[in-house]
Amino acid sequence: MSEALIKFLASNWTTFLILGLVIYQRFFKEQEEEDGVEESTESDKEEEKSRLPSPEQALQLIKDRRTILPKDYNGSPVTQEDMDKIFEAANWAPTHLKNQPWRYIVLEGHDAIKNYLEFVQSWYTERSDQLSEQTLESYRLKFTGAMADWPNKSSHVALIIMKRNTPGGNFLPEWEEMCAVAASVQNIHLMATALGVSGFWSSHTWCKDCRDSEEMRKHLGMEEGDRLLGAFTFGHVDEDKLKSIRSSRVPVSERMRIVKDKI
Ligand SMILES: Cc1cc2nc3c(=O)[nH]c(=O)nc-3n(C[C@H](O)[C@H](O)[C@H](O)COP(=O)(O)O)c2cc1C
């Protein structure tokens, strides 16, 4: 570096310092703010807290979620606005590799629900000579109830599908994808509860031969490896009926143990 340049830098160092600070403030600080890396203040933290339900409210929502069958619905339909919120919640379940393996086919209204049940019915009718009397009997028992209540009292029924082998080619173990779908269904049920909407996850055990059949797969446009994991019904329940529906759990202390050293 030439002597003249050194002299010039030495005599103008304050100018360079100020210039540097201005550039930092203008460009880098603004970028940090945009990226949200600015340190949050106490009031930011308070605001963040107030956006969330309190721990007591969160636990209350979880405990208030009840399995409520269509036979107990009053026939009042669930609004589109509520359904949108419910499925937005469904979509925010945790998912390994962000595969989002849930797929929902939402049957909306009496006819769509009835048509689906009629498909199940014809599947059994066509195979009545191939299935055991016990299988047919348990199917008939539940089917009669479903056909009487689901189309008339439930405004929507969502068929729950686990999508296997996602387009990105990330092949996770099946159990992880099933767990993600179950988490998504729990989100559905919790959001429904928050909105005053009642619901129930029908695993379709009563029609499992049809549920797992190739015909059902084709009917719903499912691909190899996809699984139909039953259906979720939606409806409204009268206040006094809702209060009468209870559930219970054994204490969590009987379902966990704390290990502080070796197992
Ligand atoms: C994967 C799964 C499948 C279920 N399938 C059925 C079902 O087919 N029929 C039914 O009556 N309940 C079904 N349930 C609901 C449970 O019976 C219900 O959660 C349990 O009775 C406890 O009641 P609660 O949900 O109100 O706490 C299912 C629940 C889960 C998680």
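A short tour of the structure in this document, coming up. These numbers were taken from a predicted model, which means no experiment stands behind them.

About the criteria used
Residues numbered from 1 in each chain as written. Predicted model: local features only at pLDDT ≥ 70, side-chain atom pairs only at ≥ 80, totals over all residues. Helix = DSSP H or I, 4+ residues; strand = E, 2+ residues; numbered from the N terminus. Buried ≥ 20, exposed ≤ 12 C-beta atoms within 10 Å, placed from the backbone. Contact = placed C-beta atoms within 7 Å. Axes fitted to C-alpha atoms, helices over the stretch in contact; angles between N-to-C directions. Parallel < 35°, antiparallel > 145°, perpendicular 65-115°, else oblique. Left-handed = near helix turned anticlockwise from the far one by under 90°. Nonpolar A, V, L, I, M, F, W, Y, C, P; charged D, E, K, R; others polar. Pairing = 2+ DSSP bridges. Near = placed C-beta within 6 Å. Expected span 1.5 Å × (residues − 1). Arc of directions from axis to C-beta.

Points about the overall build of the protein chain
Phase 1 of the analysis: Within the protein chain one finds eleven helices and four strands.
Phase 2 of the analysis: Evaluated residue by residue, the protein chain yields a buried proportion of 22% over its 263 residues.
Phase 3 of the analysis: Counting contacts in the protein chain only where the partners sit at least 6 residues apart, residues at least 24 apart contribute 85% of the total.

Observations concerning the packing of helix H6 (residues 110-126) against helix H7 (residues 133-153)
Phase 1 of the analysis: Interhelical geometry of H6 versus H7 gives an angle of 165° and a closest axis separation of 9 Å. Classified by the angle their axes make, H6 and H7 are roughly antiparallel. For the pair H6 and H7, the sense of crossing is left-handed. In this structure, H6 contributes His110, Ile113, Lys114, Leu117, Val120, Gln121 and Tyr124 to the contact, and H7 contributes Leu136, Tyr139, Phe143, Ala146, Met147, Trp150, Pro151 and Asn152.
Phase 2 of the analysis: Across the contact of H6 with H7, the residue classes break down as eleven nonpolar, three polar and one charged.

Some remarks on the sheet that holds strand S3 (residues 198-202)
Phase 1 of the analysis: Taken together, the four strands give an open sheet; going across it, the order is S1-S2-S4-S3, and neighbouring strands pair in antiparallel fashion. At either end of the open sheet lies a strand with only one pairing partner, and these are strand S1 (102-108) and S3. Across the sheet, the axes of successive neighbouring strands diverge by a mean angle of 20°, strand direction being ignored.
Phase 2 of the analysis: Relative to strand S4 (residues 227-235), strand S2 (residues 156-162) is paired through six bridges, and the arrangement is antiparallel. Residue pairing for S4: leucine 159 is matched across the bridge by alanine 231.

Re the packing of helix H4 (residues 55-64) against helix H8 (residues 174-195)
Phase 1 of the analysis: Where H4 contacts H8, the axes come no closer than 9 Å and their chain directions differ by 105°. When the axis of H4 is compared with that of H8, the two are roughly perpendicular. Contacts from Leu61, Ile62 and Asp64 of H4 reach H8 at Leu190, Thr193 and Ala194.
Phase 2 of the analysis: Broken down by class, the residue content of the contact of H4 with H8 amounts to four nonpolar, one polar and one charged.

A closer look at the site of the ligand
Phase 1 of the analysis: What surrounds the ligand is the set Arg66, Thr67, Trp201, Ser202, Ser203, Thr205 and Ser247.
Phase 2 of the analysis: Split by residue class, the shell around the ligand holds one nonpolar, five polar and one charged.

Description of unusual backbone geometry
Phase 1 of the analysis: The backbone of leucine 97 sits at a positive phi, close to 60°, despite the residue not being glycine.
Phase 2 of the analysis: Examined against the element boundaries, leucine 97 turns out to sit in the loop between helix H5 (80-90) and S1.
Phase 3 of the analysis: Of note in this structure, histidine 204 is not a glycine but carries a positive phi near 65°.

Let's talk about H6
Phase 1 of the analysis: Under the 1.5 Å per step criterion, the end-to-end length of H6 is 24 Å for 17 residues, consistent within 8% with the ideal 24 Å.
Phase 2 of the analysis: Of all the residues in H6, the buried ones are Ile113, Tyr116 and Val120. Buried positions in H6, seen along its axis, are confined to an arc of 65° and lie on one side of it. Turned more than 90 degrees off the buried face of H6, the exposed positions are Asp111, Asn115, Ser122, Thr125 and Glu126.
Phase 3 of the analysis: The elements touched by buried residues of H6 are S1, H7, S2 and helix H9 (208-211).

Notes on the pairing of S2
Phase 1 of the analysis: Counting buried positions along S2 yields seven of seven residues, so the element is predominantly enclosed.
Phase 2 of the analysis: Residues His156, Ala158, Ile160 and Met162 of S2 are buried on one face, and the alternating residues Val157, Leu159 and Ile161, pointing to the opposite face, are buried as well.
Phase 3 of the analysis: Two strands pair when backbone bridges link them, and S1 and S2 are joined in this way by seven bridges, in the antiparallel orientation. Residue pairing across strands places tryptophan 102 opposite methionine 162, the latter belonging to S2.

Some details on the pairing of S4
Phase 1 of the analysis: Most of S4 sits inside the fold, with seven of its nine residues counted as buried.
Phase 2 of the analysis: Two elements, S3 and S4, share five bridges in a ladder whose sense is antiparallel. Its bridge partner lying in S4, serine 202 is registered against alanine 231.

So, the environment of threonine 135
Phase 1 of the analysis: Mapped onto the elements, threonine 135 comes out in helix H7.
Phase 2 of the analysis: Counting along the chain gives 72 residues from threonine 135 to cysteine 207, while the straight-line C-alpha distance between them is 8.7 Å.

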